[in-house]
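Analysis of the macromolecular model
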Amino acid sequence: MNTPPALNGRPRPDNHVIVIFGIGGDLAKRKILPGLYHLAVAGLLPEDYRIIGCARPHSVMTSEAFREFAYDAVCDFASDKPSGKEWDDFAQRLAFAIDPDDGPQSLQQAVAKAEEEIGGEVRRLFHLAIPPNAMPEVIQLLGTKGLNKNARVICEKPFGVDLASAVKLNAEITEYFDETQIFRIDHYLGKESIDNILALRFANELFEPLWRRNHVKYVQIDVPETLSIEGRGAFYEGTGAFRDMVVTHLFQVLGILAMEQPTSLTARPLRDEIDKVFDSLRVLDPKEVLRGQYEGYLDEDGVAPDSTTETFIALRAWVDNSRWMGVPFYLRTGKCLAVSSQMITIGLREPVMEIFPDQKGAEHPDANKLIIDFLDPGSIHAYFLAKRPGPDMTLGLAKMHFHYRDTFQEKNNLEAYERLLLEVMLGNQALFTRSHGIERLWEVAAPLLEHPSPVETYPKGSWGPKAIEDVVAPDHWTMPE
Ligand code: BG6
């Protein structure tokens, strides 16, 4: 194969055998296979590689059927549609190994065959796109069959379902893999606009001095989704919105927003600072949490008729350190809501002196805010007050906008999974979570998991339960435009 040149002169990963567990699942179809194909087209995959799919018995397929499955996934979800030589090159490297539970040796054989075809030194990458309760069995299989040698393992979120299971899972993994081989993935850490928060804060004296309790009144992290549970009833029932989105994605975003400046962007200092934020997070008070469930959820396949799993959650979190003491962090996410959006709002305090006749915050509820829209491709907006033209000194809302799409070339964009898969192959753990941080987040979550507040139903296409305003009172929810 004539390998295309790597993007921006970045190093290429070593040759790899990539094994994806859970290949029949939604994640493999929507993100992993399309992402790997885009990396291949962009010239960012290793010079030689093989991709092996594994699944439970009900999803077992032939290698030919796997190629067709991958073709459909790439057609439906990739930015590059499969075509010509590029697709043929990629497709010829795909193979299916049968369910490892039924015949572990089939996986061993498939890996050995792929390594032989590639020749020389080959790294192994195991992507565990499976629920937390299925992980120990696979980890044990990899360890006992010696497949953990020269290998890295990606563990999908949620990592465990509570503190005890996360501690247990960490112990099970570290029996066969050392910490440098373990990549606990949270794809929000691979989003361009989330990484850009580091640049916004630490490359600009314009923003960072404001980034503290003296100037910030509240922070809002909002990820409403129009999507339903999309046929993932069995997964979602044991998970719910809190485990699926908050203890994972939204808390990681909070970690980046609230962290101190790391001494460098390498893995240890970056993760040290994020973990310090998690250490300072106050344990959740169920009284500050609102749980909701969309009407019709109980009729979804795989959902118990009396399920109290939440499909919506809004809560108030607190970071008890000298930078953030007293500043509420409002988090919300939910399925089947009115719009899909991913938005951070930094609400700033009002100036102490009022010298304008109409300066009061109540008269301009949208002013004094910095909004980071992190739905790809992302944008940032400053809302402030300006003098209205004319003889009087009156104020009006003004806005400044930065759009990724207008400022930078999009061709270098990597979608979050693409970026993170590449970082794993390069062995860079900076954007992956550590066991300490994850265990601390489960500790913070414990009161809510043990004593969940009741779920309130809400109509599909709405904004969720009305009581949301109580969660943020006396502040107000900033709605997506
Ligand atoms: C996944 C959740 O981790 O993230 C899904 O399991 C959710 O329920 C998805 O829809 C959202 O990801 P993104 O990239 O669309 O923000």
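In what follows, the accompanying structure is described. This structure is a prediction, so every number in the text was calculated from the model and none was measured.

About the criteria used
- Residues numbered from 1 in each chain as written.
- Predicted model: local features only at pLDDT ≥ 70, side-chain atom pairs only at ≥ 80, totals over all residues.
- Heavy atoms only, no water.
- Axes fitted to C-alpha atoms, helices over the stretch in contact; angles between N-to-C directions.
- Helix = DSSP H or I, 4+ residues; strand = E, 2+ residues; numbered from the N terminus.
- Parallel < 35°, antiparallel > 145°, perpendicular 65-115°, else oblique.
- Left-handed = near helix turned anticlockwise from the far one by under 90°.
- Contact = heavy atoms within 4.5 Å.
- Nonpolar A, V, L, I, M, F, W, Y, C, P; charged D, E, K, R; others polar.
- Near = heavy atom within 4 Å.
- Polar contact = N/O pair within 3.5 Å; in protein donor to acceptor, adjacent residues only side chain to side chain.
- Areas by Shrake-Rupley, 256 points an atom, 1.4 Å probe, with all protein chains shown as cover.
- Buried < 20%, exposed > 50% of the residue type's maximum accessible area, 1.4 Å probe, protein only.
- Pairing = 2+ DSSP bridges.
- Expected span 1.5 Å × (residues − 1).

1. A look at the packing of helix α10 (residues 267–280) against helix α13 (residues 435–450)
- At a closest axis distance of 9 Å, the pairing of α10 and α13 adopts a crossing angle of 20°. When the axis of α10 is compared with that of α13, the two are roughly parallel. The way α10 lies across α13 gives a crossing that is left-handed. Residues D275, F278 and D279 of α10 lie in contact with α13, whose contacting residues are H436, G437, R440, L441 and V444.
- When the residues that make up the contact of α10 with α13 are grouped by side-chain class, the tally is 3 nonpolar, 2 polar and 3 charged.

2. A look at the site of the ligand
- Close to the ligand lie K31, K157, H187, Y188, K191, E225, R232, D244, M245, H249, K335 and Q342.
- The side chain of R232 places a nitrogen or oxygen atom 2.6 Å from an oxygen atom of the ligand.
- Considering the ligand on its own, with 400 Å² of exposed area, one finds that the protein chains cover 81% of that surface.
- In terms of residue count, the dominant contributor to the shell around the ligand is helix α9 (residues 240–258) (3 residues).

3. Some words on the pairing of strand β7 (residues 216–224)
- In terms of burial, β7 is a largely internal element, 8 of the 9 residues being buried.
- Relative to strand β10 (residues 328–334), β7 runs parallel, the two sharing 6 bridges. Residue pairing for β10: I221 is matched across the bridge by L331.

4. Let's talk about α10
- Relative to the 20 Å expected for 14 residues at 1.5 Å per residue, α10 spans 20 Å between its end C-alpha atoms, a close match to the ideal helical length.
- Buried within α10 are the following residues: A267, P269, L270, R271, E273, I274, D275, V277, F278 and S280.
- Among the structural elements, α7 (192–202), α9, β9 (312–318) and α13 are those in contact with the buried residues of α10.

5. Considerations on the environment of L298
- Mapped onto the secondary structure, L298 falls in the loop between β8 (289–294) and β9.
- You can call L298 partly exposed: its relative accessible area is 33%.
- Here the alpha-carbon distance between L298 and G233, two residues 65 residues apart in the chain, equals 9.6 Å.
- Those residues in contact with L298 that sit more than four places away from it in its chain are Q293, V303, A304, P305, D306 and S307.

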